[in-house]
Amino acid sequence: MTKPILKAYYNKIFFEFLVHKNYFSDAIIILPGFPSSNNQDKLMRFFYERGFNVFYLRYGGSFQSKGYFLESNPVEDAIQCIKHIKKGKVVNLWDMEEISFKNRNLIILTGSFGGAIACGIAAKSNNLISKTILSAPVWDFDKHNTIYAEQDLSHLLDFVKRAYRNLYRIKFNNLISQMLKFRQLSSKYYLRRLNCSLLVLHDPNDKTVSINHTKEIINKIRDSKLIEHNLG
């Protein structure tokens, strides 16, 4: 029988998890893109079967998480939830029993929209995060689609409001302006404070987020590596 993926809340943040109860494990913290399919079962099982504890967080105001999307700082929200996860005790919503486990290193995994959020978390959380893995990340929202031809985030926001009406509770009309309210999402903030290893995966042919941003910024991060690929 396949091990069920468990569900939990910390404050307003909903998350799913798979954990090993009997030994210390490194933990993968998955952050969504925007928009998200809300289903990372395959990825969660991939890492769990290789010995990791796995946690998949939903941003406030999205899917089962409470509140309105980006009404509060996603970096601060995620840090508080991750600190709770780090303690090794979570209440399983299926039977309301407490699940105990042992985390070792915490590793953030995300891409695109979640890139700057992950960097902000790693920079602000004082050695909470050991490693960060990013796929085609947006490094600075104010630079997106201004130098290179990239995805139009205004059109994306309008689409999400139409197609994900009940899955993202959105009060704002400009995604970039909303993201710029949170200073931890700026490379000027997080580049000076990042103290964890960083691995970036990026396709040179990516038209949604240009690899040129990644090439410009990766050399500014001491413990970092870029892997270029052609997998889409």
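Our subject is the structure listed above.
Residues numbered from 1 in each chain as written. Predicted model: local features only at pLDDT ≥ 70, side-chain atom pairs only at ≥ 80, totals over all residues. Heavy atoms only, no water.

Caption draft 1: Representation of the pairing of strand β9 (residues 197-202). On β9, burial follows the alternation: Leu-198, Val-200 and His-202 on one face are buried, whereas Ser-197, Leu-199 and Leu-201 on the facing-out side are not. Sheet analysis places strand β8 (residues 131-135) next to β9, joined by five bridges and oriented parallel. Directly across from Thr-132, in β9, lies its bridge partner Leu-198. Across five bridges, β9 lies against strand β10 (residues 224-228) in parallel orientation. (Buried < 20%, exposed > 50% of the residue type's maximum accessible area, 1.4 Å probe, protein only. Helix = DSSP H or I, 4+ residues; strand = E, 2+ residues; numbered from the N terminus. Pairing = 2+ DSSP bridges.)

Caption draft 2: Quick peek at the packing of aromatic side chains. In total, this model carries 19 aromatic pairs according to the counting rule given. Here the aromatic rings of Phe-47 and Phe-52 are separated by 5.6 Å at their centres, their planes lie at 85°, and the arrangement is edge-to-face. With relative accessibility at 21%, the residue Phe-52 sits in the partly exposed group. A centroid spacing of 5.8 Å and a plane angle of 70° characterise the contact between Tyr-164 and Tyr-168, whose relative ring orientation is edge-to-face. Ring pairing ties together the aromatic residues Phe-34, Tyr-59, Phe-63, Phe-69, Phe-113, Phe-141, Phe-159, Tyr-164, Tyr-168 and Phe-172, which thus form one cluster. Over the ring of Phe-46 we find Arg-50, and its NZ or CZ is 3.8 Å from the ring centre. Just above the ring of Tyr-9 sits the side chain of Lys-66; from NZ or CZ to the centre is 5.0 Å. (Phe/Tyr/Trp six-rings, centres within 6.5 Å; stacked < 30°, edge-to-face > 60°. Lys NZ or Arg CZ within 6 Å of the ring centre and 35° of its normal.)

Caption draft 3: Here's a closer look at the sheet that holds β8. On the basis of which strands lie adjacent, the open sheet formed by eight strands has the order β1-β2-β4-β3-β7-β8-β9-β10 and mixed pairing. Sheet topology places β1 (6-10) and β10 at the edges, where each strand pairs with a single neighbour. Between one strand and the next, the sheet's axes are offset by a mean angle of 20°, whatever the strand orientation. The strands touched by helix α1 (residues 41-48) within the sheet are β2 (13-18), β3 (24-30), β4 (53-57) and β7 (102-111), with β2 carrying the most contacts at an inclination of about 45°. (Axes fitted to C-alpha atoms, helices over the stretch in contact; angles between N-to-C directions. Contact = heavy atoms within 4.5 Å.)

Caption draft 4: Here's a closer look at a nonpolar patch on the surface. Nonpolar side chains collect at one region of the surface, where Tyr-9, Val-91, Leu-93 and Met-96 lie side by side and expose about 330 Å² of accessible area between them. Inspection of the secondary structure puts Leu-93 in the loop between β5 (89-92) and β6 (97-100). (Patch = residues over 30% accessible without salt bridge, like charges linked within 9 Å, V, L, I, M, F, W, Y side chains within 5 Å. Areas by Shrake-Rupley, 256 points an atom, 1.4 Å probe, with all protein chains shown as cover. Salt bridge = Lys/Arg side-chain N within 4 Å of Asp/Glu carboxyl O.)

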